[in-house]
Amino acid sequence: MNTNLKRTLMALAVATLFSASMAYAHDDSGNGNSVTIKKHISLSTNISLWGDPSLSGKIDINSAAIALENGTQSTNWNAVINDASTSNDSSISGNVGSKSSGNVGANVAAGDDNVQANAAALSASSAASTSGMGGEWSGGGSSSAGEMADAEAFADQSAAFNGTANFGTSNSASVSGNAFENASGNIGVNVASGDNNEQLNGLAAATTDDNVYATATASTDQGSSDNRTLNTSSEEFCGIELTSNNASLSGNAFEGASGNIGVNVAAGSGNLQANTLSMAAASK
């Protein structure tokens, strides 16, 4: 029987592969966020085969790589008033980040109460040890046992009860020129102009070199409620100044870039943006 088919059938025949309980918590100045993960994974299926196949046994896991990325952002109960003399401008231009490689994070913000983040969690495991779980672990399996990769990425954003009044205000955000041209790797860029904007780039990646099972989970939760925004003109020096919100991605920005690229560009008020990737790689 084909080797790949054998491995596929073995994976399908496993009733319970892995069970783990893991908790992550962070607390800062009374504002906390927490994630509790309990994983009970089971696989079952009904298959029909013709011929004379034979399959028996179990899959042993002797190490695991687990990566967790959790981003929580909130902006609540803020009040902002901008008049015609206010100009909020943010930009990335020229050759910024050109030909860069690896894990690249850039945040540029102008205005008030903007929240931005770039986060990455990476985990790798080889045969007898575990990286990303706080120590070594051995499943006690046979010499033919393999490894498990598990990646989890979560993004939770909320904006509520914010009030913004713009009177002839100018908000401008842009990525232009040759910014990040030919860059490679994990690239997260956030550019915001205005008020109460939330932006996030998250990555969780796990890999092992003898992987018999891989699972990846990505979850994004965004909520915007009870916000008030007033955009109106303002009479300044016998003229009329209009509120202007401009966001752009232009020129050769990111031309030739490769890898995991997350870009958020926002101008105005109360924008929520997220780019999240969860990746578990199987190599067997």
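Shown above is the structure to which this text applies.
1. Concerning the sheet that holds strand 4 (residues 79-82)
What links the strands of a sheet is backbone hydrogen bonding, and the strands pair in either a parallel or an antiparallel sense. The strand order across the open sheet formed by 3 strands is 4-9-14, and the pairing between neighbours is parallel. Strands at the two margins of the open sheet, each flanked by one partner only, are strand 4 and strand 14 (228-232). Taking each pair of neighbouring strands and ignoring which way they run, the sheet shows an average axis angle of 0 degrees.

2. Some words on the nonpolar core
Ranked by size, the top nonpolar core spans 15 residues in total, and within it Ile 92, Val 175, Phe 180, Ile 187, Val 189, Val 191 and Phe 254 carry the most contacts. Those elements giving two or more residues to this core turn out to be strand 6 (101-112), strand 10 (170-175), strand 11 (184-195) and strand 18 (258-269). With 3 residues, the top contributor of residues to this core is strand 11. For Phe 254, the contacting residues outside a window of four places in its chain are Val 175, Ala 179, Phe 180, Glu 181, Ile 187, Val 189, Leu 249, Ile 261 and Val 263.

3. Observations regarding unusual backbone geometry
With a phi angle near 55 degrees, Asp 226 is a residue other than glycine that sits in the positive phi range. Tracing the backbone through its elements, the reader meets Asp 226 in the loop between strand 13 (211-225) and strand 14. Since its relative accessible area comes to 42%, Asp 226 is described here as partly exposed. For Phe 254, which is not a glycine, the phi torsion comes out positive at approximately 70 degrees. Look at Phe 254 and you get buried, because its relative accessible area is 12%.

Scoring rules and cut-offs
- Residues numbered from 1 in each chain as written.
- Predicted model: local features only at pLDDT ≥ 70, side-chain atom pairs only at ≥ 80, totals over all residues.
- Heavy atoms only, no water.
- Pairing = 2+ DSSP bridges.
- Helix = DSSP H or I, 4+ residues; strand = E, 2+ residues; numbered from the N terminus.
- Axes fitted to C-alpha atoms, helices over the stretch in contact; angles between N-to-C directions.
- Core = buried A, V, L, I, M, F, W, Y, C linked by side-chain atoms within 4.5 Å.
- Buried < 20%, exposed > 50% of the residue type's maximum accessible area, 1.4 Å probe, protein only.
- Contact = heavy atoms within 4.5 Å.

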